[in-house]
Amino acid sequence: MRSYSLFSIVLLCIAILLVDILSFYWLQDITRLLISSTLKHIIHILFWCFTLGLIVAIIVLKVRLDDINPRRKHVLVSSLYGLTVSSFIPKILFVIIISILFFGNFIISENESTVIVPLVGLFSGFLPFFVIVYAIFKSVYHFKIHSHSIHFNRLPKAFLGLKLVHISDLHIGGFNYRYKVLQKAIKLINNLQPDFIFFTGDLVNNYAWELTGWEKTFNMLVAKRGKFAVLGNHDYGDYSEWDSLEEKQENLQKIKQFYKNIGFRLLLNTSEIIESHGDKMAIVGVENWGRPPFKQYGNLEEAMTGVADIPFKILLSHDPSHWGDEVIENTDIALTLSGHTHGMQLGFNYKEKTWSPIKYKYKHWAGLYNLDEQYLHVNRGLGWIGFPGRLGMRPEITSIVLKAN
């Protein structure tokens with residue numbers, strides 16, 4: 001909530017209050033069907049206790065945000081975020097639908113409307129509420145494996161059938177030290193028996209201390225030929241306030257050291273050549289490269305030093321915008337792996353059809369894309385940021401098998 005001014009927070013609270021006033025107006029139309037007046041009063045009191053309690057909690061948290069321990073801050077902000085969304089959206093839908101039904105009496109008779117309108121309106125509020133609750137408590141860590149076989153003309157024979165696992169955007173602070181939850185994902189990854197594991201950034205939300213106690217869990221990841229990673233925009237600490245530049249750099253160094261401790265080769269505008277039976281391929285990794293307001297630490301030209309002549313290259317770059325802006329026009333990189341978008345943690349996937357509001361911001365936002373012989377895969381992420389849930393956009397583990405045309 002630090003990124004929002006007190007004025008913005010007050011406007012949010014006013015919006016919540018206005019929606020709840022309208023909701024209460026229609027709620028009374030529903031509770032009048034109850035026989036017990038005591039039950040009616042209890043429902044009305046609880047309604048306003050929740051509303052006023054939520055508004056007070058939001059304002060108090062904003063005012064005291066700088067004084068709260070960072071370890072508690074994330075839990076409090078995400079909890080209030082989830083509570084606000086799970087309350088606000090269903091009430092808006094409830095008000096809209098019940099208003100349309102009430103003022104649309106020409107569709108149903110006046111006598112029917114006294115029962116039908118309240119019941120349909122109530123259902124319209126409860127349904128999205130339960131859907132959001134499911135997104136927060138169930139779907140958010142309901143990991144899904146997406147499998148792809150990609151055919152290349154220039155794939156060296158030694159790498160035919162190579163299996164890659166691509167993961168991204170863990171935002172480990174959101175797991176709140178629930179090691180067993182992530183271990184479920186790790187078990188799914190290890191069961192795929194990957195040759196390589198590639199992680200494309202946003203290991204943390206902001207701080208290195210989020211990684212405390214996680215080494216044992218991450219060391220369970222097994223890849224036959226290596227594990228590689230790059231940094232994402234959240235890993236640099238740019239969204240936090242620091243007492244000094246040295247403190248910020250120390251935070252980044254601890255994150256880099258964590259990668260060493262768990263056996264990942266962190267590629268910072270560098271590359272590594274993989275050799276097998278006389279054939280070569282290059283794994284290239286750039287630091288975060290994004291369109292403004294995201295900072296551009298990445299330098300693709302520097303990362304390609306010494307591997308330009310390698311016929312088959314895989315690029316790890318956190319932000320998928322990089323593929324369209326630099327990779328396609330300036331390189332012959334065969335496969336780029338990215339994350340960053342999370343699929344907005346909202347949308348739907350049915351067979352080959354996918355949709356999310358994030359598509360209006362990012363042209364390439366989830367899944368596999370190609371232009372001629374160059375491919376991009378955008379991972380939907382394993383963790384979450386902001387809204388502590390996923391609705392129709394399950395956390396993703398990607399399995400990619402390399403094949404030849």
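Up top is the structure these notes are about.
Because the structure is predicted, anything quoted here is derived from the model rather than measured.

1. What to know about the nonpolar core
Part 1: Counting residues in each nonpolar core, the largest one holds 37 residues, and the members touching the most others are F175, L182, L203, F218, Y259 and I397.
Part 2: Within the residue set of this core, elements represented by two or more residues are β2 (163–167), α5 (179–191), β3 (196–199) and α7 (245–261).
Part 3: Per-element tally for this core: the top contributor is α5, with five residues.
Part 4: In this structure, L203 is in contact with L170, H171, I172, L211, F218, D235, I255, F258 and Y259, ignoring residues within four places of it in sequence.
Part 5: Core analysis: the next-biggest nonpolar cluster, separate from the first, contains 23 residues, L164, F312, L335 and L337 among them.

2. Side note on the pairing of strand β9 (residues 335–338)
Part 1: Taking every second residue as pointing to the same face, both faces of β9 are buried, with L335 and L337 on one and T336 and S338 on the other.
Part 2: When strand β8 (residues 313–316) meets β9, the two strands line up parallel, connected through three bridges. In the sheet register, L316 faces β9, and the bridge partner there is L337.
Part 3: Handedness of the β-α-β unit built from β8, helix α9 (residues 321–330) and β9 comes out right-handed.
Part 4: Two strands pair when backbone bridges link them, and β9 and strand β13 (residues 374–378) are joined in this way by four bridges, in the parallel orientation. Bridge pairing in β13 places T336 opposite L376.

3. Considering the packing of helix α1 (residues 6–31) against helix α2 (residues 37–64)
Part 1: In contact at an axis separation of 10 Å, α1 and α2 are set at 175 degrees when each is read in the N-to-C sense. Relative to α2, the element α1 is oriented roughly antiparallel. Between α1 and α2, the contacting residues are L6, I9, C13, I16, L17, D20, I21, S23, F24, L27, Q28 and T31 on the first element and K40, I43, H44, F47, W48, T51, I55, I58, I59, K62 and V63 on the second.
Part 2: Looking at the contact of α1 with α2 residue by residue, the class counts come to 15 nonpolar, five polar and three charged.

4. Examining the pairing of β8
Part 1: Of the two faces of β8, the one carrying K313 and L315 and the one carrying I314 and L316 are both buried.
Part 2: Relative to β8, strand β7 (residues 279–285) runs parallel, the two being bridged by four bridges. Each bridged residue has a counterpart across the sheet, and for A282 the counterpart in β8 is K313.

5. Comments concerning the layout of surface pockets
Part 1: In this structure, the largest pocket spans a volume of roughly 1,900 Å³.
Part 2: Taken together, 49 residues line the largest pocket, and the ones lying closest to its centre are Y4, Y81, I385, G386 and F387.
Part 3: Of all the secondary-structure elements, those providing two or more residues to the lining of the largest pocket are α1, α3 (70–102) and α4 (110–137).
Part 4: Residue composition of the lining of the largest pocket, by class: 28 nonpolar, 16 polar and five charged.
Part 5: Computed from the structure, the second largest pocket encloses a volume of approximately 1,200 Å³.
Part 6: Lining the second largest pocket are 41 residues, and of these L83, S86, S87, F129 and V133 sit closest to its centre.
Part 7: Elements that contribute at least two residues to the lining of the second largest pocket include exactly α1, α2, α3, α4 and α5.

6. Things to note about the side chain of T341
Part 1: For T341, the position within the fold is in the loop between β9 and β10 (348–350).
Part 2: Polar side-chain contacts of T341 include one of 2.6 Å to the backbone oxygen of W365.
Part 3: The contacts of T341, once residues within four sequence positions are left out, are P320, I358, Y362, H364, W365 and V378.

7. Things to note about the packing of α2 against α3
Two packed helices can be described by the angle between their axes and the distance between those axes.
Part 1: Interaxial distance between α2 and α3 falls to 11 Å at its minimum, and their mutual angle equals 140 degrees. If you check the angle between α2 and α3, you find them oblique. Crossing angle aside, the handedness with which α2 passes α3 is left-handed. Counting all contacts with α2, which are made through F47, F50, T51, L54, A57, I58 and L61, the residues of α3 involved are L76, V77, L80, L83, T84, S87 and K91.
Part 2: Residue composition of the contact of α2 with α3, by class: 10 nonpolar, three polar and one charged.

8. Topic: the sheet that holds β2
Part 1: If you trace the six strands from one edge of the open sheet to the other, you get β1-β14-β2-β3-β4-β5, paired in mixed fashion. Sheet topology places β1 (144–152) and β5 (265–266) at the edges, where each strand pairs with a single neighbour.
Part 2: Sheet topology note: the β2/β3 ladder contains four bridges and is parallel. The residue bridging H166 from the neighbouring strand is F198, located in β3.
Part 3: The strands that α5 touches are β1, β2, β3 and β14 (396–404); relative to β14, the one it contacts most, it runs at about 15 degrees.

9. So, the pattern of salt bridges
Part 1: Tallied over the entire structure, the rule returns nine salt bridges.
Part 2: Residue K254 pairs with E250 through a salt bridge whose shortest N-O separation is 3.7 Å. Of this pair, K254 and E250 both sit in helix α7, four residues apart, which is roughly one turn of the helix.
Part 3: A residue is classified by how much of its surface remains accessible, and E250, at 45% relative accessible area, is partly exposed.

10. A word on α9
Part 1: All buried positions along α9 are accounted for by S321, H322, W323, V327 and I328.
Part 2: Tucked inside the fold, the buried residues of α9 contact α8 (300–303), β8, β9, β12 (367–371) and β13.

11. Focus on a nonpolar patch on the surface
Part 1: Together, L6, F7, V10, L11, I14, L17, L18, I21, L52, I59 and V63 make up an exposed nonpolar region whose accessible area comes to about 960 Å².
Part 2: Ranked by residues supplied to the nonpolar patch, first place goes to α1 with eight residues.
Part 3: Relative to the assigned elements, L17 resides in helix α1.

What counts and how
- Residues numbered from 1 in each chain as written.
- Predicted model: local features only at pLDDT ≥ 70, side-chain atom pairs only at ≥ 80, totals over all residues.
- Heavy atoms only, no water.
- Core = buried A, V, L, I, M, F, W, Y, C linked by side-chain atoms within 4.5 Å.
- Buried < 20%, exposed > 50% of the residue type's maximum accessible area, 1.4 Å probe, protein only.
- Helix = DSSP H or I, 4+ residues; strand = E, 2+ residues; numbered from the N terminus.
- Contact = heavy atoms within 4.5 Å.
- Pairing = 2+ DSSP bridges.
- Right-handed = clockwise from strand over helix to strand, strands pointing away.
- Axes fitted to C-alpha atoms, helices over the stretch in contact; angles between N-to-C directions.
- Parallel < 35°, antiparallel > 145°, perpendicular 65-115°, else oblique.
- Nonpolar A, V, L, I, M, F, W, Y, C, P; charged D, E, K, R; others polar.
- 1 Å grid on protein atoms, 1.4 Å probe; cavity = no way out; pocket = protein on both sides within 12 Å on 5 of 7 lines; lining within 4 Å.
- Points joined across faces, edges and corners; volume = space filled by probe spheres on them.
- Polar contact = N/O pair within 3.5 Å; in protein donor to acceptor, adjacent residues only side chain to side chain.
- Left-handed = near helix turned anticlockwise from the far one by under 90°.
- Salt bridge = Lys/Arg side-chain N within 4 Å of Asp/Glu carboxyl O.
- Patch = residues over 30% accessible without salt bridge, like charges linked within 9 Å, V, L, I, M, F, W, Y side chains within 5 Å.
- Areas by Shrake-Rupley, 256 points an atom, 1.4 Å probe, with all protein chains shown as cover.

From the geometry alone we can't say anything about function, so treat these as descriptive.
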